[in-house]
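Residues per chain, in single letters:
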Amino acid sequence: MYFSNRSHDTQYPLSGPIFQETKAEDGSGNYLYLIDPSSYALSRVGPYSGILGPYAVDSTSSYAVTNVRNLWGMQIANLKTGEIITATILNHPPGDAGLLHGIAWTPDQSEVWENSSGSDPHVYIWRMLNPTSPILKDKLALRSGRGSHWLTFDVKGDYGYVAPIKNSDDGTEIFNARTHASVGVIGSSEDMLEIDFANGKISQVGDQYGIGRR
């Protein structure tokens, strides 16, 4: 199935369908595409205010949160109605937003964590008890003093992992997902995947994209 010459991130969250985005600058990059995995029927949501960056879908495929180019904040799509809500970071750093890169639901879907731009060493936390009215509730400062590129959570929702910008010597910083306290640093990696075992067999698998699990 052809989207454009710049197809990018693909997700298959818990409730499906398959989601696809593109970085194309011909207008097609301003939409999120939904693919029925059985019929391959294609639909789309949008247009968004700009070309899409990283995104994450909740557990029932009801809402998708998205980094969008040239937006200090995020956009939330109601996947049932097609409505798109914009949440803006009011006291953001000066200058153009570029592309804030990295966004994830906490597994219980009470919060969305959003990385900032490559020059802003903060993670923004949105309260999502009502996904159509997100509230900015916290801002975490990274130990590196530099920006980040990706983030995700463990399956239980105990820890958030914030990966640095690509090709950086900075580590992946670990936060207590409930208190928002920084608790340590591990080696740099955005391609983290939790695999849990029980009695020698795989019992559950996480996801690098930070999908909802409620």
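Structure shown above.
Residues numbered from 1 in each chain as written. Predicted model: local features only at pLDDT ≥ 70, side-chain atom pairs only at ≥ 80, totals over all residues. Heavy atoms only, no water.

Caption draft 1: View of the layout of surface pockets. Reported here for the largest pocket is a volume of approximately 160 Å³. When residues in the lining of the largest pocket are grouped by element, the largest group, three residues, is from strand β5 (residues 52–57). Of the residues that constitute the lining of the largest pocket, the class distribution is five nonpolar, five polar and six charged. (1 Å grid on protein atoms, 1.4 Å probe; cavity = no way out; pocket = protein on both sides within 12 Å on 5 of 7 lines; lining within 4 Å. Points joined across faces, edges and corners; volume = space filled by probe spheres on them. Helix = DSSP H or I, 4+ residues; strand = E, 2+ residues; numbered from the N terminus. Nonpolar A, V, L, I, M, F, W, Y, C, P; charged D, E, K, R; others polar.)

Caption draft 2: Spotlight on the sheet that holds strand β7 (residues 73–78). The sheet built from four strands is open, its strands ordered β5-β6-β7-β8 with antiparallel pairing. Both edges of this open sheet fall to β5 and β8 (84–88), since each of them pairs with a single strand only. With strand direction ignored, the average angle separating the axes of adjacent strands in the sheet is 25°. When strand β6 (residues 63–68) meets β7, the two strands line up antiparallel, connected through four bridges. What sits directly across from Thr66, in β7, is Gln75. (Pairing = 2+ DSSP bridges. Axes fitted to C-alpha atoms, helices over the stretch in contact; angles between N-to-C directions.)

Caption draft 3: The side chain of Asp58, seen in detail. Mapping Asp58 onto the fold places it in the loop between β5 and β6. One buried charged residue, Asp58, remains without a salt bridge, the closest side chain of opposite sign being Arg214 at 5.8 Å. A distance of 2.9 Å separates the side chain of Asp58 from the backbone nitrogen of Ser61, its partner in a polar contact. Discounting chain neighbours no more than four positions away, the residues touching Asp58 are Pro13, Tyr63, Trp105, Gln109 and Gly212. (Buried < 20%, exposed > 50% of the residue type's maximum accessible area, 1.4 Å probe, protein only. Lys, Arg positive; Asp, Glu negative; His and termini not counted. Salt bridge = Lys/Arg side-chain N within 4 Å of Asp/Glu carboxyl O. Polar contact = N/O pair within 3.5 Å; in protein donor to acceptor, adjacent residues only side chain to side chain. Contact = heavy atoms within 4.5 Å.)

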